[in-house]
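Structure at a glance
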Amino acid sequence: MIIYVVIQDTSDQLKVEKLYYQYRYLMYREANKILHDHHLSEDAVQQSFIRIIDNLHKIDEIICPRTKNYVVIICRNIALNFLKKRTYLNNNSNDIDETEINTDNVLDDPLNILITKESVSRIGVAIELLAPIYRDTLLLKETYGYNNQEIANLMEISAETVKKRLFRARKLLIHALEGELK
Amino acid sequence: MNENKTFDKLIDQLIHDAANISADNLGQNLPEPEPVEFSEKHNLAMKKLFKQERRKIIIRKMIRNSKKVAILLLVLVLTASISIFSVQAWRVKFLNFIMNIGQTNSDIQFWNDNGSGDTYSSDDVTLGYIPEDFKFVSSQARMNGVSLLFQKDENSFALQIQPVDALLAVDTEKAEMEKIIINGKEALYSSNNNTNLLVWHDDIYSYLLSGNISKSEMVRIAEKVQK
């Protein structure tokens, strides 16, 4: 029985390692773009995999664009967390706040929106053009099945902030639909 | 109000569908990076991480499987217990087995009045030997003594015990008589047609064994009676 258990386990073990060997350079590159530090970037990759292991059930295929995007999102946000800590230590916390967009002036009026067959692709394009903090939050929620608390833990922010980001992202996307109509 | 809700639901669905498509597109558009030389420290840390995870998974699976095995064993033990204790013959054999463990030369005693098998015991008397398959039928208190009846099919025997100074009435008409020794004491054996009798004493009690079992069986029973 023990041997059977070990054999059965091999598939899960290989999944984690396969992911690592498939995407480690990509993740490193993503982390290095933010951190500009070799060792910190390595740490970000390592930390990312600790997170990924806890959410292995969210990954179906190893080699697919969706999984590729997922590991990049995880690594990017881990790297941003490292940057936040380093920036906080350097007393430059303002840099982080500037990435948030104020959407209070963004109006969405259902009457100004026409839903057509192309609406999905329009919104898709709009998502791809969103700032990373909104895009990542939205994709983690909608595509990768994370709940608000899980996103908050990953990004080291409060669940309230996650809600705000999702709300703002939604507003921006609706505005994008209105923009198309105009 | 309902229109706004419908609109929100529609938008949410659109966003959900579009998000899935975007995730695929973004993944496809990511460029292939160049290989990087990771440090030895990083490589070791990753190996350690994978080893830890492997161990966790194995332990988790073993715990899950052992729970299943434990439940299965419990069900088997319960089923076996119910079967054993609901069938008298099995119950007796099982108790015999349990009591024999760790003992070398012991007499097995059943502390109930429905004794069957090779011995019988009650508050009054212990029979260290009973012929095979004889079952206890009844007991009667008589004066200062007791009378026990055992039976197997058409065969039976009775053991009557009373104080040694009490009178024992025995029918020996046309019977063949024989003196024998039981536990160092003089005993009398009588055989008449189908009825055999064995009478003996131990200074405190007198015993009368009567029935249609053989002389050798009677002697065996007599030698193992304890009052």
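We now turn to the structure provided with this report. (Residues numbered from 1 in each chain as written. Chains lettered and ligands numbered in written order. Predicted model: local features only at pLDDT ≥ 70, side-chain atom pairs only at ≥ 80, totals over all residues. Heavy atoms only, no water.)

Turning our eyes to something else, we now look at the pairing of strand 5 (residues 155-163) of chain B. Residue and element names in this part refer to chain B. Both strand 4 (residues 145-152) and strand 5 contribute to a ladder of seven bridges, which runs antiparallel. Paired with Lys152 across the strands is Asn155, a residue of strand 5. In sequence, strand 4 turns back onto strand 5 through a hairpin of two residues, with Asp153 there showing a positive phi of about 55°. The pairing of strand 5 with strand 9 (residues 205-211) spans seven bridges and is antiparallel. Its bridge partner being in strand 9, Phe157 is matched across the sheet by Gly211. (Pairing = 2+ DSSP bridges. Helix = DSSP H or I, 4+ residues; strand = E, 2+ residues; numbered from the N terminus.)

If you look at the biggest cluster of nonpolar residues, it comprises 65 residues, and the most contacted ones within it are Leu19(A), Phe49(A), Ile52(A), Tyr70(A) and Leu140(A). Composition of this core by domain shows at least three residues from each of domain 1 (1-96) and domain 2 (99-182) of chain A. Once residues within four sequence positions are removed from consideration, Phe49(A) is found in contact with Val16(A), Leu19(A), Tyr20(A), Met27(A), Met46(B) and Leu49(B). Ranked by size, the runner-up nonpolar core spans 27 residues in total, among them Tyr120(B), Ile161(B), Ala187(B) and Ile213(B). (Core = buried A, V, L, I, M, F, W, Y, C linked by side-chain atoms within 4.5 Å. Buried < 20%, exposed > 50% of the residue type's maximum accessible area, 1.4 Å probe, protein only. Domains from an automatic or database assignment. Contact = heavy atoms within 4.5 Å.)

Let's shift gears to helix 5 (residues 119-129) of chain A. Regarding helix 5 of chain A, the residues found buried are Ser119(A), Val120(A), Ile123(A), Gly124(A), Ala126(A) and Ile127(A). The buried residues of helix 5 of chain A occupy one face: seen down the axis, they fall within an arc of 165°. (Arc of directions from axis to C-beta.)

To continue, consider the interface of chain B and chain A. Residue-level contacts link 45 residues of chain B with 47 residues of chain A. It is Ile15(B), Phe38(B) and Phe50(B) that lose the most area in chain B upon contact with chain A, and together they represent 13% of the buried surface on that side. Linking chain B with chain A are five salt bridges, by the criterion used here. Here Glu17(A) ties to Arg54(B) by a salt bridge, and the two come within 3.1 Å at their closest N and O atoms. Where chain B meets chain A, there are 13 residue pairs in polar contact (both at pLDDT 80 or more). Going through the elements one at a time, helix 1 (2-29) and helix 2 (40-86) of chain B are the ones with two or more residues in the side of chain B that touches chain A. Top element by residues in the side of chain B that touches chain A is helix 1 of chain B. It accounts for 21 residues. Split by residue class, the side of chain B that touches chain A holds 24 nonpolar, 11 polar and 10 charged. (Buried area = accessible area lost by both parts, 1.4 Å probe. Salt bridge = Lys/Arg side-chain N within 4 Å of Asp/Glu carboxyl O. Polar contact = N/O pair within 3.5 Å; in protein donor to acceptor, adjacent residues only side chain to side chain. Nonpolar A, V, L, I, M, F, W, Y, C, P; charged D, E, K, R; others polar.)

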